[in-house]
Structure formats: structure tokens, C-alpha cells
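So the chains spell out like this:
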Amino acid sequence: MQAGPDSTAVSEAPSSGSEDSDCEFGPETEEASLTEEWARELLIDSGVVEPQEIRVESRAGVAGALSRVLAVTIRYESDGERHSLPLVVKLPPRDPFGRLFVAEAQFDTREILFYTELAPALNKLAQEAIGPDEGLPIPRCVKARLPDEIGGDSELVLEDVTAEGFESADFAEGLTVDRARAALFAAARLHALSLALRDREGPLDQRFDFLFPCERAAAGYLRLVRRGLPQLEAFLRGRTDCVDEAAAVSALSARAPSLLGTLLRPAEPAPLAHADFWSGNLLFRERDGISECVALDWQMVSLGRPMDDVALLLLSSLTPELRRSVGDTLIEDYGDRLEAECARLGTLAAGVTVRRSLKQDWPRAALRALLLCAGSVDVALGEPRAEQRLLEAVRDLYAQGVLDLKSDSES
């Protein structure tokens, strides 16, 4: 995340599950599409009356395989007063190969439709059932434009919540207990709202057909696994104390294609899963002694299992010591919050069913999380604390027998 004037900063992060981890911060840039007329139209659509003296300032942020993310500030005058509007703008990658990859998997389309169709439906349900300001903990969508053809230009403009005090977490340092709990409570809100909407309208993929389908997700994950597991195995073999773990990872590489269907298949009742729920896709702030969390990067949103989001957060974003000492407690805290959210939304039965499945679903969800971490292993390698976290996760899952998990066809 790159900070700039007026606390405006890029607040999107690379996706651990979507080959978007090779990111870098660029120098100041002029984006041709971000003109005064673009800003004027955006301001008017946002309810600003006769904006004048408009000036657009943009800075390059994350440049990854899935998108270019810019920090943009629109400065303008209205009713005789000066104002500034800090935004985050997501655009397709310039690289032709990256653009084609995004188009084929519909990553940009899926995220735009999440913000323009799915999130409004969930927020409307929350307002009707609970009250205002009880919706998803996500940035507000200011403007969105779908591509008009495969590989065409898209645009997603979000409020820059870092201007409201949210900040990224230090991945190498790991989350605190309070921030981890805040993240899991944010996930519980998503899961509960989607369970309630499912109770009202039936399976969500019938109305929202853009959700990442299991078979397409499996193909994408396989590409990541084939790239990442050999790197992880080589890392383990470079240590004298991880011979057994390296052999288990080698065997896992051979079984991965048959395993992925089992690991990714939703279970009824099937709520939404963020599917890439790690600290790099979250922002935090502390207000009145309480940690708050906002979730970003919804390009992989899908039907799934709540434990997928929980397991990925615990294994990827907590230090080994903290995960071992409070991991079970955090899962219980998440389960309590999920049931409470479902009760408020009138879907307690679904919440109880999901809560009961959490512990038994840990091996499957943990192995899925490890494969995601392996797919972006380059995020950890080279940083001693992140390397140790990955190493200890492999050791713990090996000791638990998780690396030997069988696919449904093998069971």
C-alpha cells in the first residue's frame, strides 16, 4: 500500500489465490482515461451539484496480473467550498497476456457484479432485517463499468477507506488477536447474510450466475498448485529437518488434480465465501479500543464453505505461536458470531448447521488453504518470518495427517 497526500492510498492487495502476487509500486503516473470530464461525470452521478475547478491527481499503486490499481484524488469546488474525494480505481492490466487471463476467468467482471448486484442485495436484506449500517464491511462502490467485449476495458471505482483511518496489516508480522477476530467477524457477516438470502431466494448461483464455479476454480487452482508446490517442496528439501514433510508435499503434488474437486466443492447449506481471505486483502482500524475490518478484492467470490475463509486466515496471516495458542478459540468466536448473526437475520437453523460442521471441516479447509499458500509461495520466500510461518503450517498439517487427506473418489 502506498500512502500519499490527504491519507489517500491504494487499498487493494494482491490475491493469494489468483496469481496476482507479483506486485510492485510504480512511480507517479498519468492515466489517460482519468480526465476532468471523467471526474465531472462521476461527481454529478454521486450527487455533487455543479462541480467546478475540477482537478484529478493519480498515483500508481499495485500492478499485478489481475489489475492495475490507482490511488486517485478528485479536487473540486461546489457551493463556494473546496472538497477532495479520495478514491481507488481498478483497471485491467496493460499486459495483453494478463488482460486475456483476466477476461477468460472473468475476474474483473465478477468483482464488478459483486459490487453492483450481489452486495446491494445482501445490504438490502441486512437493512430490512436488522437496520441501517449493518451490511457488508466493504468499501462503497462509486462507479463501475463492465467490459463491452472479451478483453475490453473495465473500471471499478471505490471509496478509499484509508482516508477514514483504515490501514493494511504487516503480513510478515502477522495479525494480532483482536485484528484476527475482527476479520473473522467480518467473514461471519458475509456468511450469515448469504445464508439468509439463500433461505429467501434459493441457491445463490441461480440468481448470481457470475459466482466463481467450482470446475473453473479447480482449473485455476491446479495451475497455481503446479507452479507453487514444486517451489514449496524445494524449500523444504533445502532444510535438514523437513525430510518427511518434503516427501509428503511431493506426494501431494501428484494427487492434487484429483483432490481439487473435493477441496473446492460447496456443502449445503452453501453460503458465499470470499475465497481469498488473508490479511493482504483486508484493512483494519482501531476505534474506541475495538478493531474493525474491511474486506477487499472480491474477484474470486463463490459458493463455498465458511471454514475455507477461516482456515486460510488462520494459516496464512497469524504467527505459528499465535495460531497454536488461540486458533481454536478464534474458531469458536467465529462460530458464536455466525450463529448470532444468523439469529438476527432469521436463519438460525442454517447457522447452527454450519457451526456444527466447522471442526470436522478443518482438514479439508486447511489443505485447501495450504494449496493456496503454496500457489503464492513467492509471497513468503525471502522473508524469514513469513518463511517460518509457512514452514510451521506445513509441519502442523503434516502432524495432523491433513497432507494425507483423500479425495472423495479415493475414500
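Keep in mind the model is a prediction, meaning the values are calculated, not measured.

### Digging into the domain arrangement of the chain
Piece 1. Each domain of the chain was delimited in the assignment, giving domain 1 (52-159) and domain 2 (164-404).
Piece 2. Taken together, the 29 residues of domain 1 in the interface contact 29 residues of domain 2.
Piece 3. Contact between domain 1 and domain 2 buries roughly 2600 Å² in total, counting both sides, with carbon and sulfur atoms accounting for 66%.
Piece 4. A per-residue breakdown of the area domain 1 buries against domain 2 is headed by R110, L125 and P137, which together make up 24% of the total.
Piece 5. Counting the contacts that link domain 1 with domain 2 gives three salt bridges.
Piece 6. Linking R189 and E134 is a salt bridge whose minimum nitrogen-to-oxygen distance equals 3.3 Å.
Piece 7. Our count for the contact surface shared by domain 1 and domain 2 stands at eight residue pairs in polar contact (both at pLDDT 80 or more).
Piece 8. Mapped by element, the contributors of at least two residues to the side of domain 1 that touches domain 2 are α2 (96-105) and α3 (107-129).

### Focus: the nonpolar core
Piece 1. The biggest cluster of nonpolar side chains holds 108 residues, and the ones touching the most others in it are F114, L211, L232, L236, L272 and W362.
Piece 2. The greatest single-element share of this core, amounting to 13 residues, is contributed by helix α4 (residues 177-201).
Piece 3. Taken domain by domain, the makeup of this core includes at least three residues from each of domain 1 (52-159) and domain 2 (164-404).
Piece 4. Beyond its immediate stretch of four places on either side in the chain, W362 contacts M307, A311, L314, L315, I331, L397 and Q400.
Piece 5. W38, L42, Y76 and L85 belong to the second largest nonpolar core, which has 17 residues in total.

### A look at the environment of L70
Piece 1. Structurally, L70 is set in strand β2 (residues 68-78).
Piece 2. Residues L70 and C242 lie 172 residues apart in sequence; the distance between their C-alpha atoms is 42 Å.

### Overview of empty space enclosed by the protein
Piece 1. Taken as a whole and assessed by the stated rule, the structure comprises four cavities of 30 Å³ or more.
Piece 2. F171, S316, C373, A380 and L390 are the residues nearest the centre of the largest cavity, which is lined by 14 residues in total.
Piece 3. Of all the secondary structure elements, the ones that give two or more residues to the lining of the largest cavity are α8 (306-317) and α12 (384-399).
Piece 4. Broken down by element, the lining of the largest cavity gets its largest block of residues, four residues, from α12.
Piece 5. Class assignment of the residues belonging to the lining of the largest cavity gives a composition of ten nonpolar, three polar and one charged.
Piece 6. As for the second largest cavity, its lining consists of L66, S67, K90, L91, P92, D108, E111, I112, S154, E155, L156 and Q299.
Piece 7. Secondary structure elements with two or more residues in the lining of the second largest cavity: β3 (81-91), α3 and β5 (155-159).
Piece 8. Top contributing element to the lining of the second largest cavity by residue count: α3, with three residues.
Piece 9. Looking at the lining of the second largest cavity, its residues break down into five nonpolar, three polar and four charged.

Parameters and conventions
Residues numbered from 1 in each chain as written. Predicted model: local features only at pLDDT ≥ 70, side-chain atom pairs only at ≥ 80, totals over all residues. Heavy atoms only, no water. Domains from an automatic or database assignment. Contact = heavy atoms within 4.5 Å. Buried area = accessible area lost by both parts, 1.4 Å probe. Salt bridge = Lys/Arg side-chain N within 4 Å of Asp/Glu carboxyl O. Polar contact = N/O pair within 3.5 Å; in protein donor to acceptor, adjacent residues only side chain to side chain. Helix = DSSP H or I, 4+ residues; strand = E, 2+ residues; numbered from the N terminus. Core = buried A, V, L, I, M, F, W, Y, C linked by side-chain atoms within 4.5 Å. Buried < 20%, exposed > 50% of the residue type's maximum accessible area, 1.4 Å probe, protein only. 1 Å grid on protein atoms, 1.4 Å probe; cavity = no way out; pocket = protein on both sides within 12 Å on 5 of 7 lines; lining within 4 Å. Points joined across faces, edges and corners; volume = space filled by probe spheres on them. Nonpolar A, V, L, I, M, F, W, Y, C, P; charged D, E, K, R; others polar.

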